[in-house]
Amino acid sequence: MPRCAIILLACSVAVLLSVAQAADKTVYQYVIFGDSLTDTGNVFRDGGVPDPLIYYKGRFTNGPNWVDYLNATLSSKHPVQIYNYATGGGVACSINLNNTRYPYARDAINQTGNFLADLARGKIPTGKDIRRISISWFAANDIMVALSRALTAGGDPVKAGMEIVSSLATCLAQHVGALAAAGVHEVVLVPQSPVQMAPLVPAYLRSPVAQLVSGVDVAVVQAVAAVNAQLEAAPPGSPASRAHVYLLGDSKWVGRVIGDVRPAPKYFDKSCFVNPVSSMDLTPGLAARICTDPNDHAFYDEIHPTTAFHKWFGVNALLPRLQMFRLAPRDV
Ligand SMILES: *[C@@H]1O[C@H](CO)[C@@H](O)[C@H](O)[C@H]1NC(C)=O
Ligand SMILES: *[C@@H]1O[C@H](CO)[C@@H](O)[C@H](O)[C@H]1NC(C)=O
Ligand SMILES: *[C@@H]1O[C@H](CO)[C@@H](O)[C@H](O)[C@H]1NC(C)=O
């Protein structure tokens, strides 16, 4: 090929690329729902917990959480909007909410309602360049609450377990279905956490809790497939007809991330807290009773991982999966 033609070709490719980049004015807007793993200060604003002496700025960990890390990575290159409705103590099923114990915790229906109210009031920007993507991460509290209720009540543990599994899958399906019906086209569901790994769960309960968690994994896959089948069958032109639910994996994936964190923590089954307390109780003065190097521990308190996990999860696990489904820009 003559030299001039090669140069011309190179020039055209460069021009085309820059046109493509300039044309991409997409603003990624993430609307987020969940519990204390995801709350970036909602419960703190309403109730002053978790205790700021020992937790970082309303996050239920010793530093930023996955939402902060995801935002920081994306917004270094792209305009990003975050609307976070998650609360500590948040649950997928209303029956698992205990507002006597945790007055500021909100269930999925309330969190979704708060988002829809903000949307109706025009507090959330909408426009042709805005891609609205919801991300929901629930289930850990549901499993803990439902399990302790079942254990207290006695009765047949197998039957109780089956009920927990099916009701949780139903609640999650209703939550993502409600978002799709409200016109969110891209609905992301983060799989449940492997709660059996939390230091709170005593050794003798780890295996039964792990079985329960596996049951939830299977049920959620089926429930999400059913929701997607309904969305595909929705009348053309209805909000739901353009929506899809993306289930990003299962609890084993989240569990592997805990093992992948680098530098690797030294302790996985004992938390940094020397004296376990509930992160939802205000306990001033407790600062003296946390360990000196939290990131030696996979878990900060009895249920919440340290910020090192959040960083790894947000940037090295969740982001690549979002990118795989084109739910996040790929050049970060
Ligand atoms: C996201 O990160 C940007 C850049 O650091 C920051 O300005 C913005 O406040 C962050 N948004 C949230 C919701 O934290
Ligand atoms: C809610 O929490 C309160 C206070 O801890 C407790 O007494 C009550 O039994 C709980 N209710 C349910 C339904 O778990
Ligand atoms: C969510 O719950 C809070 C506290 O009960 C309430 O003030 C708020 O109105 C609820 N939101 C919706 C949309 O129902």
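Definitions and limits used
Residues numbered from 1 in each chain as written. Chains lettered and ligands numbered in written order. Predicted model: local features only at pLDDT ≥ 70, side-chain atom pairs only at ≥ 80, totals over all residues. Heavy atoms only, no water. UniProt positions renumbered as here; feature names shortened; annotations may be inferred. Helix = DSSP H or I, 4+ residues; strand = E, 2+ residues; numbered from the N terminus. Near = heavy atom within 4 Å. Polar contact = N/O pair within 3.5 Å; in protein donor to acceptor, adjacent residues only side chain to side chain. Areas by Shrake-Rupley, 256 points an atom, 1.4 Å probe, with all protein chains shown as cover. Nonpolar A, V, L, I, M, F, W, Y, C, P; charged D, E, K, R; others polar. Expected span 1.5 Å × (residues − 1). Bend = angle between axes of the 7 residues up to and from the residue. Buried < 20%, exposed > 50% of the residue type's maximum accessible area, 1.4 Å probe, protein only. Contact = heavy atoms within 4.5 Å. Salt bridge = Lys/Arg side-chain N within 4 Å of Asp/Glu carboxyl O. Axes fitted to C-alpha atoms, helices over the stretch in contact; angles between N-to-C directions. Parallel < 35°, antiparallel > 145°, perpendicular 65-115°, else oblique. Left-handed = near helix turned anticlockwise from the far one by under 90°. Pairing = 2+ DSSP bridges. Right-handed = clockwise from strand over helix to strand, strands pointing away. Phe/Tyr/Trp six-rings, centres within 6.5 Å; stacked < 30°, edge-to-face > 60°. Lys NZ or Arg CZ within 6 Å of the ring centre and 35° of its normal.

According to the UniProt record, the Sequence similarities (unreviewed entry) comment for the protein reads "Belongs to the 'GDSL' lipolytic enzyme family."

Participant: Before we move on, could you go through unusual backbone geometry and cite the residues and values that matter?
Facilitator: Note the cis peptide between Val49 and Pro50, where omega equals 5 degrees. Note on placement: Pro50 falls in the loop between helix 2 (42-47) and helix 3 (66-75). Residue Pro263 is reached from Arg262 by a cis peptide bond, and omega for that bond is -5 degrees. Here Pro263 shows up in the loop between helix 8 (251-260) and helix 9 (307-324).

Participant: Hey, could you go over the site of ligand 3 for me, with residue numbers and the actual values?
Facilitator: Around ligand 3 sit Arg106, Asn110, Gly113 and Asn114, and those are all the residues in its vicinity. One of the side-chain N or O atoms of Asn110 is found 2.3 Å from an oxygen atom in ligand 3. The side chain of Asn114 places a nitrogen or oxygen atom 2.7 Å from a nitrogen atom of ligand 3. Protein chains bury 38% of the 360 Å² of accessible surface belonging to ligand 3 in isolation. When its residues are assigned to classes, the shell around ligand 3 shows no nonpolar, 3 polar and 1 charged.

Participant: Give me the lowdown on helix 9, citing residues and values where you can.
Facilitator: Between its first and last C-alpha atoms helix 9 spans 24 Å; for 18 residues at 1.5 Å apiece the expected length is 26 Å, and the two agree. Of all the bends in helix 9, the greatest measures close to 40 degrees and is centred on Phe313. Those residues of helix 9 that sit buried are Thr307, Phe309, His310, Phe313, Gly314, Ala317, Leu318, Leu319, Leu322 and Gln323. Where helix 9 is buried, its residues meet helix 3, strand 3 (130-137), strand 4 (186-189) and helix 8. Remark: Arg326 follows helix 9 within two positions and exhibits a positive phi of approximately 60 degrees.

Participant: Provide a residue-level description of the pattern of salt bridges, including the pertinent values.
Facilitator: In total, this model carries 8 salt bridges according to the counting rule given. Ionic pairing is found between Lys266 and Asp296, a salt bridge with its closest N-O pair at 3.4 Å. Taken together, the residues Lys266 in the loop between helix 8 and helix 9 and Asp296 in the loop between helix 8 and helix 9 connect sequence positions 30 residues apart. Using a relative accessible area of 19% as the deciding quantity, one classes Asp296 as buried. Within the structure, one salt-bridge network assembled from shared partners comprises Asp118, Arg121 and Lys123.

Participant: Account for the packing of helix 3 against helix 9, naming residues and giving values.
Facilitator: Two elements in contact, helix 3 and helix 9, have axes whose closest approach is 8 Å; the angle formed by their N-to-C orientations is 55 degrees. Taken together, the axis directions place helix 3 and helix 9 in an arrangement best described as oblique. In terms of crossing hand, the pair formed by helix 3 and helix 9 is right-handed. Note on element contacts: helix 9 touches helix 3 through Thr307, His310, Lys311, Phe313, Gly314, Val315, Leu318, Leu319 and Leu322, opposite Trp66, Tyr69, Leu70, Thr73 and Leu74.

Participant: I'd like to hear about the site of ligand 1, residue by residue, with values.
Facilitator: The environment of ligand 1 is formed by Asn71, Ser75 and Ile82. One of the side-chain N or O atoms of Asn71 is found 2.4 Å from an oxygen atom in ligand 1. The separation between an oxygen atom of ligand 1 and a polar side-chain atom of Ser75 is 3.3 Å. Its free accessible area being 360 Å², ligand 1 has 36% of it covered by the protein chains.

Participant: Let's hear about the environment of Gly88: which residues, and what values?
Facilitator: Within the secondary structure, Gly88 is located in the loop between strand 2 (80-84) and helix 4 (108-120). Along the backbone, Gly88 and Gln174 are 86 residues apart, and their C-alpha atoms lie at a distance of 21 Å. Excluding its chain neighbours within four sequence positions, the residues that come into contact with Gly88 are Asp35, Ser36, Asp39, Val43, Phe60, Ala105 and Met280.

Participant: So what's going on with the pairing of strand 5 (residues 244-247)? Which residues, and what values?
Facilitator: In this structure, strand 4 lies alongside strand 5, joined through 4 bridges in parallel fashion. Looking across to strand 5, one finds that Glu186 is bridged to His244. Assessed by its sense of winding, the connection that carries the chain from strand 4 through helix 7 (residues 203-232) to strand 5 is right-handed.

Participant: Just give me the short version of the packing of aromatic side chains, but keep the residues and values in it.
Facilitator: A complete count under the given rule lists 14 aromatic pairs for this structure. Here the aromatic rings of Phe33 and Tyr85 are separated by 5.8 Å at their centres, their planes lie at 20 degrees, and the arrangement is stacked. Of the two residues, Phe33 is situated in strand 1 (residues 27-34) and Tyr85 in the loop between strand 2 and helix 4; the sequence distance between them amounts to 52 residues. Three or more aromatic residues joined by ring pairs make a cluster, and in this case those are Trp66, Trp137, Trp253, Phe309 and Phe313. Over the face of the ring belonging to Tyr267 we find Lys270, whose NZ or CZ atom lies 4.1 Å from the ring centre.

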